[in-house]
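# Summary of the model geometry
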Amino acid sequence: MTSEQFAADEWIDRLAGALPGLAEAQEPFLREYWERNPRVHDVFGGRDGTPPEFPLGDLCDLYAMARHSHIFSGEKYYAPLCKVLDPVRHILISHPTLARVVGPLIGRDNFWMQILDTGASTSPTNIIAGLMARAAELSGDRFQTAVGELNAFLAPVGEEGSAGVLGGLDIAYDAVLFYGLTLRERIDVTDGMVLLPFEQVRAFVDENQVEELAAPGAGFHGWRSVGAAVRPFRWRPTLRRTGYEGEPELGPPGPFFREARTLLDLLAVAHATPVLPVASLAHCIDWSAGRLLGWTDHHGSFYPGRSAHGFDGFDESPELAREALAEAKEAFENRKSERFGNMAPIVARLAEALARNGRFEGEVRIVEVATALERMYDLPEGKIAHTLRNRVSQYLESDAASRERVKESVKEFYDARSDIVHSRADKVSAQGNHAVFAKGFDVAKRSLFKLLREEPPDDWNALVVAGS
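Predicted model, so just to flag it, every value in this text is computed and none were measured.

Conventions used here
- Residues numbered from 1 in each chain as written.
- Predicted model: local features only at pLDDT ≥ 70, side-chain atom pairs only at ≥ 80, totals over all residues.
- Heavy atoms only, no water.
- Pairing = 2+ DSSP bridges.
- Helix = DSSP H or I, 4+ residues; strand = E, 2+ residues; numbered from the N terminus.
- Contact = heavy atoms within 4.5 Å.
- Axes fitted to C-alpha atoms, helices over the stretch in contact; angles between N-to-C directions.
- Buried < 20%, exposed > 50% of the residue type's maximum accessible area, 1.4 Å probe, protein only.
- Phe/Tyr/Trp six-rings, centres within 6.5 Å; stacked < 30°, edge-to-face > 60°.
- Polar contact = N/O pair within 3.5 Å; in protein donor to acceptor, adjacent residues only side chain to side chain.

### Some points on the sheet that holds strand β5 (residues 194–197)
- Overall, antiparallel pairing links the six strands, which are arranged β4-β5-β6-β3-β8-β9 in an open sheet. Looking at strand neighbours, the two that pair on one side only are β4 (187–188) and β9 (301–304), the edges of this open sheet.
- On the sheet, helix α9 (residues 256–271) packs against β3 (171–179), β5, β6 (226–234) and β8 (276–285) and is oriented at approximately 40° with respect to β3.

### Regarding the pairing of β9
- Taking every second residue as pointing to the same face, the buried face of β9 carries Ser301 and Tyr303, while none of Phe302 and Pro304 on the other face is buried.
- Alignment of β8 against β9, held across four bridges, turns out to be antiparallel. Looking at β9, one finds that alanine 279 is bridged to proline 304.

### Regarding the packing of aromatic side chains
- Evaluated as defined, the whole model comprises twelve aromatic pairs.
- Seen in terms of ring centroids, phenylalanine 29 and tyrosine 77 are 5.3 Å apart; in terms of plane orientation they differ by 75°. Their pairing is edge-to-face. Placement of the pair is phenylalanine 29 in helix α1 (residues 8–36) and tyrosine 77 in helix α3 (residues 75–92), with a sequence separation of 48 residues.
- Taking the relative accessible area as the measure of exposure, phenylalanine 29 reaches 9% and is therefore buried.
- You can call tyrosine 77 partly exposed: its relative accessible area is 34%.
- Between phenylalanine 437 and phenylalanine 441, the aromatic rings sit 5.6 Å apart at their centres with planes inclined by 40°, giving tilted as the arrangement. One end of the pair is phenylalanine 437 and the other is phenylalanine 441, both in helix α16 (residues 430–453) and four residues apart, which spans about a single turn.

### Structural notes on the environment of aspartate 399
- Counting through the fold element by element, aspartate 399 comes out in the loop between α14 (384–396) and α15 (400–421).
- Assessed through its relative accessible area of 34%, aspartate 399 is described here as partly exposed.
- One polar contact links the side chain of aspartate 399 to the main-chain amide nitrogen of serine 402, over a distance of 2.9 Å.

In C-alpha cells form, the structure reads like this:
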C-alpha cells in the first residue's frame, strides 16, 4: 500500500480492533513469564494513588521470545500467541512510514528509531507492546486513542491535525530543576523560557533522581519546593533501516542551561532565599510518549547540579512573589547588556551567599555579601566601612532619616564582618549573624537591582558630597 493510497482512519480502526484480542491471548503467557522470571512487580500502584506501571519491558521480552521461538524450539508453545500477534504486526507495518524501514521477515525486522539525541534498534513488536502500555494508561476507547496517537507520531511533520491528536505528547523539554521556591502555576519568562511547578514536569523526569538531590523531606509537601525552568519544543521520532548510537555529549548543550541558572540566581537574590539548581536535563520527553513508542528507559540526558541535602525539606520554601519575580524578570531580559555583564559576578556571589550552609554558614555569608558591596560601590583602599556607609545611604535613599537608618544598618553589618575576619570570637554568634546578614543582604539586593536598572554614578565621591 503506497502512502498515496494509505487511509489513516482505516488503518487505525483495523489495528485498534485487533489489539483487544492480543491483550487477551497474551495474558497467560505473561503470567507464566513472571513465574519463570520472578522479580518485584508493582501491583498496588504508587503512594499518590497512581495505577501500577504497565510491565512494558516484560511484554517486549515476551514478544521477542515469540518472534524468535523457532531458534530454541519453542514454536509449538508460542504458536497460540503468534497466531494473534503476527496479524497485528502485519497491520502495524502496513503504515507507510514503517513499511519503508521494516523488513518483511518476522524475527529479522529490526529498524532504527531516533528520539532526539538518543537512538536504538527496535522492532514492530516493541511498538505493539508500547501500544498496550499506552492503552493501559487511558480510559474509554483506549486502544483507538493509543493507535491514533501512534499514527500522529508516524505522520510527516506538519501534517494537519497531528499535533491536536497528540495533545502534549510531542512536547519535549530542556530543563533545569531547582529547589527553594514554591510555584503554583506556569509562568512565561522570556525568549521561550518557562517556569513550571514540579507537578507539571513530573511526567518528564525520574523522581528517584530528584529525591537524591532535593532536600530531605521535600517529598512530604508533594515536591512543592521543587520547580523547573524549561525550554519546551516539539519533536518527532526518526525511523531508519539501520543506525548507530552516537557518542554521548559531555555537557548540557546550548546557552539555555547557562541562562536558566542566571534566572535562578536573580530569583534567589530577589526573594532573598536560596534557589539551588539541582539538575539539568536535556531532551526530556513525556514518559507516556516513550512507552507508546515501545521505549522502556528514555529519560533524556541528566546532569546533576547542586545537592540541596544541607537544607530541611520539611520547611516549605517561600512562594514566588509577584514583585520579586518582576524585578528578576526585568534584569533577566537585559542580561545581554554591558551593564548586566558588569554585575553578573555580583549576582552569582549574592546567590551563592544565600546557598551557603554548614557549620560556618553565617560567617561565610556575611563575608560574601560584604565583598559584593565593596565591588558594587567601587571602594578605595582605607576607611572602607565609613566610605561604604556614605555611598550606600546617598545612593539608595533620598531623605535624611532614611539615610541615617541605612548608615546604621551598614555599620552594624560591617562591624560583624570585621569581627569575623579578625577572629573576634567573643563578638560573633550564630543568632546575631543571622539578623545582621538579613540587614546587609537587603542593602546589597536593593543596590544590585538599582545598578542593573541604571548606570552607576560617574563619581561616587561627588554623589556623597552633593548629598551632604
